[in-house]
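Each chain is listed here by its residues.
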Amino acid sequence: MKHTDIEVLFSQSEKFVNKSVIVCGWVRTWRDSKAIAFIELNDGTSLNNLQLIIEKDKISESESKPALVVGAALCVTGKFIPSERNGFELSVESVTVLGSCPQDYPLQKKHHTLEFLRTIPHLRPRTKYFEAVFAVRSRISFAIHKYFQSHNYKYMHTPIITGSDCEGAGEMFRVTTQNWDAKYAKEQEYYAEDFFGAKAGLTVSGQLEGEIAAMGLGKIYTFGPTFRAEHSNTTRHAAEFWQIEPEVCFADLHDIIEIAEDFIKTIIKDVTDNCPQEITYFDERIEKGLKQKLDNVINSDFAKITYTEAVSVLKSSGKDFKFPVEWGCDLQTEHERYLTEEYYKKPVFVTDYPADIKAFYMKLNSDGKTVAATDLLVPGIGEIIGCSEREADLEKLKSAMSKRNMPLEAYMEYLDTRKYGSVPHSGFGLGLERIIMYITGVQNIRDTLLYPRTVGSL
Ligand code: 4AD
Ligand code: MG
């Protein structure tokens, strides 16, 4: 169907002004007077609607009301003309109704609550809010690829079905074709008869395979879905979320922190440059001062503090935390948010966590107690990046794994990377939905995904 995108009409208006054009889209709003109907048409290419001016006696009965209603899909031909109120509008010559829309269409009003819209995930892409969120989600994804591709990283597709629990938190979804049956005396027998002949699950992280690829390709990144059966029913956790995981050889913790900071700033700058309408909309509708916040992030240095220092800051904060702080405890969201929102008021890297609360693959520091790891915390959200230098020493790595009762024989290939030409290397994982929340001000992770999967909700 030959037609022009509404975005193209607005951005290249001089080419189309006073000419006849064809546009397609859905009716967002509809206003009627005796002789004229005013329709706001949206085709998803621009946050701006195109105003249609329809002189009713010009179009045939079958095309006029009741067919021209909110939610209906139209293809219209008309003259693209300047307008004082809207910049440009379309003086309609003919209308074809592509899809009519009965009265029970749930999006009759202009504004709906996010809670209500969560009950109609299949229709919410037709609202301005979700049009803006998904435009930014798309642009961030593009900017991420652009960043890594222009810095010589190879994009790796690591497996989604895997046998290894990278984070060791026991949060893997099982992948199986076989039901448990009383005939199996032991778990092993059951898995042996299952599709892969072994216990399999959905990956929580592409890191381990990413490391294997990096140990030959030098610099790689993954960008794909990851899955966690976390029972945390919060506004920041999804069971299916997208993760970006670069892995960089010949880089220590200091180097990867520099990369992560440059990466985050570059992504934010790209989105603010390329999605100005969306960012303005979010600034007005969702988070007042968003633009200023993003500009500040781009133009100032992120803070850095060690875990040990952070514990003393928290202890002397005078705050009445729900979870008391002691050296060795995992930082809770309330602690993370105090550090980044109240103490620094900007993004902060917390480094050198106790080894006991972090994953097996992190490099042990010379103190023998902490690891060369960092979480990047940002105001309003908390952790958006988990990062570390990897343990490159075979014996130390084996010892960290044994301490956690991990079956070494299941990780022989991973261990081979430390046996054959091991090198210092580091990487991080960024949660895509978390950075979307940070850049847009969206408060709930459920509103960054087309179909959010969370505990109790498929
Ligand atoms: O800190 P995490 O668990 O780190 C890893 O998975 C490492 N393997 C990364 C690496 O070094 N390659 O997760 C990384 C990020 C978190 O900082 C967070 O942004 C996001 O993934 N994330 C989630 N996002 C949404 N829902 C969840 N349930 C998430 N769990 C983690
Ligand atoms: Mg983490």
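Description of the structure in this document. The structure displayed is predicted, hence computed values, not measured ones.

**Considering the overall build of the chain**
(1) Moving on: The helix and strand tally for the chain stands at 14 helices and 15 strands.
(2) Moving on: Projecting the C-alpha coordinates of the chain onto the three principal axes gives extents of approximately 85 × 60 × 45 Å.
(3) Moving on: Taking the contacts inside the chain whose residues are at least 6 apart along the sequence as the reference set, 65% of them involve residues at least 24 apart.
(4) Moving on: When the accessible surface of the chain is summed, it comes to about 22300 Å², and 52% of that surface belongs to carbon and sulfur atoms.

**What to know about the packing of aromatic side chains**
(1) Moving on: Tallying each qualifying case throughout the model produces 26 aromatic pairs.
(2) Moving on: Ring centres of F148 and Y221 lie 4.7 Å apart, and the angle between their planes is 25 degrees; on these two criteria the pair is classed as stacked. Taken together, the residues F148 in helix α4 (residues 128–149) and Y221 in strand β9 (residues 219–227) connect sequence positions 73 residues apart.
(3) Moving on: According to the relative accessible area criterion, F148 is buried, its value standing at 0%.
(4) Moving on: Among the aromatic residues, ring-to-ring pairing joins Y147, F148, Y153, Y155, Y221, F263 and F428 into one connected group.
(5) Moving on: Seen from the ring of F38, R31 lies directly overhead, with NZ or CZ sitting 4.5 Å from the centre.

**A closer look at the sheet that holds strand β2 (residues 36–42)**
(1) Moving on: Pairing is mixed in the closed barrel, where five strands are placed in the order β1-β2-β3-β5-β4. Between one strand axis and the next, the sheet turns through 55 degrees on average, direction left out of account.
(2) Moving on: Pairing of strand β1 (residues 20–32) with strand β4 (residues 73–83), which is carried by seven bridges, proceeds in the antiparallel orientation. Its bridge partner lying in β4, V21 is registered against G78.

**With respect to a positive patch on the surface**
(1) Moving on: Judged by side-chain charge, K110, K128, R285 and K288 come together as a positively charged surface patch.
(2) Moving on: Residue position: K288 is located in the loop between α8 (276–285) and α9 (290–299).
(3) Moving on: Residue classification places K288 among the exposed residues on the basis of a relative accessible area of 67%.

**Considering the side chain of T222**
(1) Moving on: Tracing the sequence through the fold places T222 in strand β9.
(2) Moving on: Relative accessible area serves as the criterion here: at 4%, T222 is assigned to the buried category.
(3) Moving on: Setting aside chain neighbours within four positions, we find T222 in contact with Y155, M156, T158, G206, Q243, I244 and E245.

**Points about the environment of G201**
(1) Moving on: With respect to the helices and strands, G201 occurs in strand β8 (residues 201–202).
(2) Moving on: Residue class for G201 comes out buried when judged on its relative accessible area of 1%.
(3) Moving on: When the C-alpha positions of G201 and D165 are compared, they lie 8.3 Å apart, and in sequence the two are 36 residues distant.
(4) Moving on: Apart from the residues lying within four places of it in its own chain, the contact partners of G201 are I160, I161, T162, M172, F173, R174 and V175.

**Examining the pattern of salt bridges**
(1) Moving on: This structure, assessed with the given rule, holds 19 salt bridges.
(2) Moving on: Measuring nitrogen to oxygen at the nearest pair gives 3.0 Å for the salt bridge that ties R137 to E433. Taken together, the residues R137 in helix α4 and E433 in helix α14 (residues 432–440) connect sequence positions 296 residues apart. The two residues R137 and E433 agree in class, both being buried.

Rules and cut-offs
Residues numbered from 1 in each chain as written. Chains lettered and ligands numbered in written order. Predicted model: local features only at pLDDT ≥ 70, side-chain atom pairs only at ≥ 80, totals over all residues. Heavy atoms only, no water. Helix = DSSP H or I, 4+ residues; strand = E, 2+ residues; numbered from the N terminus. Contact = heavy atoms within 4.5 Å. Areas by Shrake-Rupley, 256 points an atom, 1.4 Å probe, with all protein chains shown as cover. Phe/Tyr/Trp six-rings, centres within 6.5 Å; stacked < 30°, edge-to-face > 60°. Buried < 20%, exposed > 50% of the residue type's maximum accessible area, 1.4 Å probe, protein only. Lys NZ or Arg CZ within 6 Å of the ring centre and 35° of its normal. Pairing = 2+ DSSP bridges. Axes fitted to C-alpha atoms, helices over the stretch in contact; angles between N-to-C directions. Patch = residues over 30% accessible without salt bridge, like charges linked within 9 Å, V, L, I, M, F, W, Y side chains within 5 Å. Salt bridge = Lys/Arg side-chain N within 4 Å of Asp/Glu carboxyl O. Lys, Arg positive; Asp, Glu negative; His and termini not counted. Charge placed at Lys NZ, Arg CZ, Asp CG, Glu CD.

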